[in-house]
Amino acid sequence: MEPSWRALLPFLVVIPLSIWTRQVIPGLFVALLLGSYLVDSTILGGLKTMLTYLVHNLMQTNNIRIIIFLYVFAGLISIIKYTGGIKGFVHLVGKKVKTARSALLLTWISTMVTFSDPDFRIVTIAPIMKALKKRLHLSSQQIGFTIEVTSNPVVALIPLATAFVGYMVSVIDKALKTAGIHEKAYTVYVKSIPFNFFSFTILLVGLYYSFFQYNKKRTLSMLEIRKQNRAVMVEAASETENPNEQQGEEGLESCPEAFEKDTPTKPWNLIVPLSLVLVLTLFLSWWDGHQGATSFFDAFLRSDALGVMLEALMITVILTVMYFLWQRFKLADLLTHFVKGGNELMSVILMLALIWAVSAISEDLGFSAYITEHVKGWIPHYFVAPVLFLLGALISYFIGSSWGTWGLLMPLGVTLAAESGTNILLVIGAVFASGTFGAFASPLSDNTVTLCTILDLPVIEYARTKLVPSFIAAGLAAVLFTVMSFVLR
């Protein structure tokens, strides 16, 4: 199809609609429907075209593998929760913490074993801190900030064994194909990680706020402290009457997002599966790419990352189910919770299908060719990365979705970078950084909502407390993107 300004319409529609509805899926659906009628303007032709693009893109091998990976990973987390892995880890760690500083330090260190997914990290760590906050005189805002700053920003930087990797590689792969760039998507993703400047700056700001800024504020009045001390004395007295009751049990069991009251306490049911999936992913990545590799790290870059992670995950699920059956959990219950966990990601899978279809139809309408013809030569390369970061940060704040922002902006960003001479890795880093900003700062973020539900925090008020550190980190990131745009070509 001859490229024209019509090729821009799907992207011009999807962003304002997503901001207006505060949902990505309606914007993507309207963009796909519009693009379909631009291809075939007959009454039924547009609908048939839309379904064709949806089905065709879903049937592609890599896309099916991503869907399976996301569904199975969510199912694994669900059966870990059901078998008491999260509750056991909560109780195991909660007994070891004695001071407020050690509790905050534990929150940071625990990232090493809960980095697989932000929501998984939140429902694992938040109940621990909620149960300890009275005894250690911590505010809910301080706890929430420390947990959340080590969730999405950290997961976005880890290239193995996370729920993000498959999706991030997918949007890069689609964007590279749209721009006509023939590179391995996983290799490009790994090389772009150092340019996710917002993740790095918010971690630095988070360290300061966690251990220094909050200590300067009297977050609790003396009256509140006295009340909490009396509450602790009452809890201690009740523990004397019932020595089997854990410290802070009431705080723990009031967190249904993490586990139910009758869930067993088995920390190894979390430790074993997560260790398995991590070790298997590392080993199979090396094994898949070691032939012909010049170094250990080169073997990882040569491997089929998505295929390897899916293989490691499948092996882990099989071994984990056998491990749980050995503990006499019923197979029917395990399957029920596995499916329940996977179904929780159906909205994400739908969003992915729409993103793939919108990208494909925009390309067929001549999006890349139009950008090449009209943009190349008049957009200075040093504006692309910082502008994309600021635009993406605005979008992600209003829609509250990092994945949605990445899916919306990555094809546009990579195409602009290719045609304006901007460093591709820097632009990819800017897009990922912009989505990470929204996932952390927005009151619409599912991470924020989940955290506030567990900690009994008002969402809007809590989100407002994050604005200053978020803007500081975003400002630093924007400066870094501007500076690096002049340094890198």
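Note that the coordinates shown come from a computational prediction; the quantities given were computed from them, not determined experimentally.

Trainee: Got a minute to help me understand the packing of helix α10 (residues 165-179) against helix α22 (residues 402-420) in this structure?
Mentor: For any two helices packed against each other, the geometry is given by the interaxial angle and the distance between the axes. Where α10 contacts α22, the axes come no closer than 8 Å and their chain directions differ by 30°. Handedness of the crossing formed by α10 with α22: right-handed. In this structure, α10 contributes Y167, M168, V171, I172, A175, L176, T178 and A179 to the contact, and α22 contributes W403, G404, W406, G407, M410, P411, V414, T415 and A418. By residue class, the composition of the contact of α10 with α22 is 13 nonpolar, four polar and no charged.

Trainee: Sorry, what's going on with the nonpolar core here?
Mentor: What tends to happen in soluble globular proteins is that the nonpolar side chains get buried as a cluster. Residues I172, Y189, F198, F389, M410, F432 and F481 are the most contacted members of the largest nonpolar core, which totals 128 residues. Counting residues per element, this core draws most heavily on helix α19 (residues 346-364), at 12 residues. Excluding residues within four positions of it along the chain, Y189 makes contact with A156, I158, P159, V165, M168, V169, I172 and F432.

Trainee: I would appreciate a short explanation of helix α8 (residues 140-149) in the present structure.
Mentor: In an α-helix, one turn spans 3.6 residues, which is why side chains three or four residues apart end up on the same side. Of all 10 residues in α8, nine are buried, a share of seventy percent or more. When α8 is considered as a whole, its buried residues turn out to be S140, Q142, I143, G144, F145, T146, I147, E148 and V149.

Trainee: Is there a simple way to think about unusual backbone geometry in this case?
Mentor: Where the residue is not glycine, phi is negative for most of them; where a peptide bond is considered, it is trans in most cases. The backbone phi angle of R328 is positive, close to 75°, even though this residue is not glycine. Tracing the backbone shows R328 in the loop between α17 (305-326) and α18 (331-343). Under the relative-accessibility criterion, R328 is labelled exposed at 76%. The backbone phi angle of D456 is positive, close to 55°, even though this residue is not glycine. Along the chain, the position of D456 falls in the loop between α24 (446-455) and α25 (459-465). For D456, a relative accessible area of 57% gives the class exposed.

Trainee: I tried to follow the environment of T422 on my own but got confused; where do I start?
Mentor: Mapped onto the elements, T422 comes out in the loop between α22 and α23 (424-441). Taking the relative accessible area as the measure of exposure, T422 reaches 6% and is therefore buried. Taking the C-alpha atoms as reference points, T422 and F486, separated by 64 residues in sequence, lie 9.5 Å from one another. Among residues more than four places away in sequence, those in contact with T422 are H381, V384, A417 and V427.

Trainee: How should I be thinking about the pattern of salt bridges in this particular structure?
Mentor: Pairing is possible between side chains of opposite charge, provided their charged atoms come close. Tallied over the full model, the rule gives two salt bridges. We note a salt bridge from K466 to E148, for which the minimum N-O separation is 3.0 Å. Note that K466 is positioned in the loop between α25 and α26 (467-487) and E148 in helix α8, a separation of 318 residues in sequence. Exposure remark for E148: the relative accessible area of 2% places this residue in the buried category. With its nearest N and O atoms 3.3 Å apart, the salt bridge here joins K177 to D173.

Trainee: I tried to follow the packing of aromatic side chains on my own but got confused; where do I start?
Mentor: To describe a pair of aromatic rings, you give the distance between the ring centres and the angle between the ring planes. Summed over all chains, the structure comprises 20 aromatic pairs. Between the aromatic rings of F197 and F481, the centroid separation amounts to 4.7 Å while the plane-to-plane angle is 55°, which identifies the pairing as tilted. In this pair, F197 sits in helix α12 (residues 197-216) while F481 sits in helix α26, placing the two residues 284 residues apart along the sequence. Centroid distance W286 to W287: 6.0 Å. Interplanar angle 55°. Geometry classified as tilted. An aromatic cluster is defined as three or more aromatic residues linked by ring pairs; in this entry it consists of Y82, Y323, F324, W326 and F329. Seen from the ring of F440, K466 lies directly overhead, with NZ or CZ sitting 5.0 Å from the centre.

Trainee: Please explain α10 as it appears in this structure.
Mentor: The terminal C-alpha atoms of α10, which comprises 15 residues, lie 21 Å apart, in line with the 21 Å expected from a rise of 1.5 Å per residue. Burial within α10 is extensive, with 14 of its 15 residues counted as buried. Where α10 ends, the next residue or the one after it, G180, has phi of about 75°, a positive value.

Trainee: What should I look at first to understand a nonpolar patch on the surface in this one?
Mentor: Nonpolar side chains collect at one region of the surface, where I315, I318, L319 and M322 lie side by side and expose about 360 Å² of accessible area between them. By the element assignment, M322 lies in helix α17.

Trainee: So what exactly am I meant to see when it comes to the packing of α10 against helix α11 (residues 185-192) here?
Mentor: It is the contact of α10 with α11, at a shortest axis distance of 8 Å, that shows an interaxial angle of 110°. By the angle class used here, α10 and α11 are roughly perpendicular. When α10 is examined against α11, the residues V165, M168, V169, I172, D173 and L176 are found in contact with a partner set consisting of A185, Y186, V188 and Y189. Tallied by class, the residues present in the contact of α10 with α11 amount to nine nonpolar, no polar and one charged.

Thresholds, definitions, all that
- Note that residues are indexed from 1 along each chain, following the sequence as it is written.
- Whole-chain, interface and lining totals are the exception, using all residues; otherwise, since this is a predicted model, local features are given only for residues with pLDDT of at least 70 and side-chain atom pairs are given and counted only at 80 or more.
- Side-chain metrics in this entry use all non-hydrogen atoms of the structure; hydrogen atoms and water are not considered.
- Axis definition: a line fitted to C-alpha atoms, over the contacting stretch in the case of helices. Angles run 0 to 180 degrees between N-to-C directions.
- Secondary structure elements are defined from DSSP: runs of H or I of at least 4 residues count as helices, runs of E of at least 2 residues count as strands, and each element is numbered from the N terminus.
- When the near helix sits turned anticlockwise from the far one by under a right angle, the crossing is termed left-handed; a clockwise turn instead gives a right-handed crossing.
- Any pair of residues with heavy atoms lying within 4.5 Å of one another is described as a contacting pair.
- Each residue receives one of three labels: charged for Asp, Glu, Lys and Arg, nonpolar for Ala, Val, Leu, Ile, Met, Phe, Trp, Tyr, Cys and Pro, and polar for the others, Gly being one of them.
- The criterion is simple. A nonpolar core is a set of buried Ala, Val, Leu, Ile, Met, Phe, Trp, Tyr and Cys residues joined through side-chain atoms within 4.5 Å.
- With a 1.4 Å probe rolled over the protein chains alone, any residue whose accessible area is under 20% of its type maximum counts as buried; one over 50% counts as exposed, and the rest are partly exposed.
- Counted as salt bridges are all cases of a side-chain nitrogen of Lys or Arg within 4 Å of a carboxyl oxygen of Asp or Glu.
- Here a pair means two rings of Phe, Tyr or Trp (six-membered ring of Trp) with centres within 6.5 Å. Their orientation is stacked below 30 degrees between planes, edge-to-face above 60, and tilted elsewhere.
- Sitting over a ring, as applied to charges here, requires NZ of Lys or CZ of Arg to be within 6 Å of the ring centre and within 35 degrees of the ring normal.
- Here the expected length of a helix is defined as 1.5 Å per residue gap, with one fewer gap than residues.
- For patch building, the residue pool is restricted to those with more than 30% relative accessible area and no salt bridge; the joining distance is 9 Å between like charges and 5 Å between nonpolar side chains (Val, Leu, Ile, Met, Phe, Trp, Tyr).
- Per-residue accessibility takes into account occlusion by the displayed protein chains alone, with areas from the Shrake-Rupley method and a 1.4 Å probe.
- Roughly parallel means an angle under 35 degrees; roughly antiparallel means over 145; roughly perpendicular covers 65 to 115; every other angle is labelled oblique.

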